[in-house]
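Listed here are the chains, written in short residue letters.
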Amino acid sequence: AQSVTQPDIHITVSEGASLELRCNYSYGATPYLFWYVQSPGQGLQLLLKYFSGDTLVQGIKGFEAEFKRSQSSFNLRKPSVHWSDAAEYFCADANFGNEKLTFGTGTRLTIIP
Amino acid sequence: DVKVTQSSRYLVKRTGEKVFLECVQDMDHENMFWYRQDPGLGLRLIYFSYDVKMKEKGDIPEGYSVSREKKERFSLILESASTNQTSMYLCASSGRETQYFGPGTRLLVL
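Residues numbered from 1 in each chain as written. Chains lettered and ligands numbered in written order. Predicted model: local features only at pLDDT ≥ 70, side-chain atom pairs only at ≥ 80, totals over all residues. Heavy atoms only, no water.

**A few points about the interface of chain A and chain B**
For step 1, the next point in the chain: At the junction of the two partners, chain A supplies 21 residues and chain B supplies 23 residues.
For step 2, the next point in the chain: By the criterion of area lost to chain B, the three top residues of chain A are Glu99, Lys100 and Phe103 of chain A, representing 32% of everything that side buries.
For step 3, the next point in the chain: Connecting chain A to chain B are 0 salt bridges.
For step 4, the next point in the chain: Taken together, the links from chain A to chain B amount to 4 residue pairs in polar contact (both at pLDDT 80 or more).
For step 5, the next point in the chain: Mapped onto the side of chain A that touches chain B, the elements with two or more residues apiece are β5 (32-38), β6 (44-50) and β11 (101-103) of chain A.
For step 6, the next point in the chain: Residues that form the side of chain A that touches chain B fall into these classes: 9 nonpolar, 9 polar and 3 charged. (Contact = heavy atoms within 4.5 Å. Buried area = accessible area lost by both parts, 1.4 Å probe. Salt bridge = Lys/Arg side-chain N within 4 Å of Asp/Glu carboxyl O. Polar contact = N/O pair within 3.5 Å; in protein donor to acceptor, adjacent residues only side chain to side chain. Helix = DSSP H or I, 4+ residues; strand = E, 2+ residues; numbered from the N terminus. Nonpolar A, V, L, I, M, F, W, Y, C, P; charged D, E, K, R; others polar.)

Next comes the structure, spelled out in structure tokens:
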């Protein structure tokens, strides 16, 4: 069965520091991978997605993610975080054809001054 | 911009009540989804629909039903609410392999 693992439940980063959130997927075929962000009390907003092509994907709010098939990973990065980036981040994998998503359990990001 | 709206942001209901959660999308998407979100468990799929009057069970359908009478509207029904259905409920619609989410409904069952 398809699964997505986000090994870090909670990460704390200083404002201005770099960020990397980890995501590993298990589905063997070409994955369709997504990162979503959820601010407190809100729905999920799409940050970026990878379907094929260039393995480094640019998203909104200055985020990027790199697809590494050899490591089954799709880690999210940002070179310099802002206090407004404090939120919960979800990685997800899609089954092509029915658009169902399998989500990781999320990583909560705290930003300290 | 894709817009997915949910009828309520917060709901408080009593055990045994019938509860309706409504979701509307304005992008003419065929696929719509209902999830529940609980701390430490991420999002779990309850039901989804590929078209009007079409529905399929997700990973946790027990205690829930759905209705899709019009393409833009997908309703989640709790036939007899229980305290273990206290949760955040998120609706999504999808087009071109991407899901777009509503703001969520936080349901408290007392």
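**Some remarks on the confidence of the model for chain A**
Caution applies to low-pLDDT parts of the model: their predicted coordinates are not meant to be read in detail.
For step 1, the next point in the chain: When the pLDDT values of chain A are averaged, the result is 91; 92% of them are 70 or greater.
For step 2, the next point in the chain: Confidence, read as mean pLDDT per element, is least for β11 of chain A in chain A (89) and greatest for strand β3 (residues 19-21) of chain A (98). (pLDDT = per-residue confidence, 0-100.)

**A word on the environment of Gln99 of chain B**
For step 1, the next point in the chain: Mapped onto the elements of the fold, Gln99 of chain B is located in strand β10 (residues 98-101).
For step 2, the next point in the chain: Assessed through its relative accessible area of 2%, Gln99 of chain B is described here as buried.
For step 3, the next point in the chain: A C-alpha to C-alpha distance of 25 Å links Gln99 of chain B and Val19 of chain B, two positions 80 residues apart in sequence.
For step 4, the next point in the chain: Dropping the residues within four chain positions of it, Gln99 of chain B is found in contact with Tyr36, Glu99, Lys100 and Leu101 of chain A together with Phe33, Tyr35, Ala92, Ser93 and Ser94 of chain B.
For step 5, the next point in the chain: Among the polar contacts made by the side chain of Gln99 of chain B, one reaches the side chain of Tyr35 of chain B at a distance of 2.8 Å. (Buried < 20%, exposed > 50% of the residue type's maximum accessible area, 1.4 Å probe, protein only.)

**So, unusual backbone geometry**
For step 1, the next point in the chain: The backbone of Lys61 of chain A shows a phi angle near 60°, a positive value even though the residue is not glycine.
For step 2, the next point in the chain: Here Lys61 of chain A shows up in the loop between β7 (56-58) and β8 (64-68).
For step 3, the next point in the chain: In this structure, Lys53 of chain B takes a positive phi of about 65° despite not being glycine.
For step 4, the next point in the chain: One can find Lys53 of chain B in the loop between β5 (42-49) and β6 (56-57).
For step 5, the next point in the chain: Exposure remark for Lys53 of chain B: the relative accessible area of 58% places this residue in the exposed category.

**So, the pattern of salt bridges**
For step 1, the next point in the chain: Considering all chains together, one arrives at 10 salt bridges over all chains under this definition.
For step 2, the next point in the chain: A salt bridge links Asp8 of chain A to Arg22 of chain A, with the nearest nitrogen and oxygen atoms 2.9 Å apart. Highlighted residues: Asp8 of chain A in the loop between β1 (4-5) and β2 (10-14) and Arg22 of chain A in the loop between β3 and β4 (24-25), separated in sequence by 14 residues.
For step 3, the next point in the chain: Looking at Asp8 of chain A, the relative accessible area reads 17%, which means it is buried.
For step 4, the next point in the chain: The closest approach of N and O atoms between Lys18 of chain B and Glu79 of chain B, which form a salt bridge, is 3.5 Å. Of this pair, Lys18 of chain B sits in the loop between β2 (10-13) and β3 (19-25) while Glu79 of chain B is found in the loop between β8 (73-78) and β9 (87-95), placing the two residues 61 residues apart along the sequence.
For step 5, the next point in the chain: One network of salt bridges, with partners in common, ties together Glu64, Glu66 and Arg77 of chain A.

**Describing the layout of surface pockets**
For step 1, the next point in the chain: Reported here for the largest pocket is a volume of approximately 470 Å³.
For step 2, the next point in the chain: Taken together, 23 residues line the largest pocket, and the ones lying closest to its centre are Gln38, Glu88 and Arg108 of chain A together with Gln37 and Pro39 of chain B.
For step 3, the next point in the chain: Mapped onto the lining of the largest pocket, the elements with two or more residues apiece are β10 (87-94) and β12 (107-112) of chain A together with β4 (31-38) and β9 of chain B.
For step 4, the next point in the chain: Along the lines of polarity and charge, the residues of the lining of the largest pocket split into 8 nonpolar, 11 polar and 4 charged.
For step 5, the next point in the chain: In this structure, the second largest pocket encloses a volume near 190 Å³. (1 Å grid on protein atoms, 1.4 Å probe; cavity = no way out; pocket = protein on both sides within 12 Å on 5 of 7 lines; lining within 4 Å. Points joined across faces, edges and corners; volume = space filled by probe spheres on them.)

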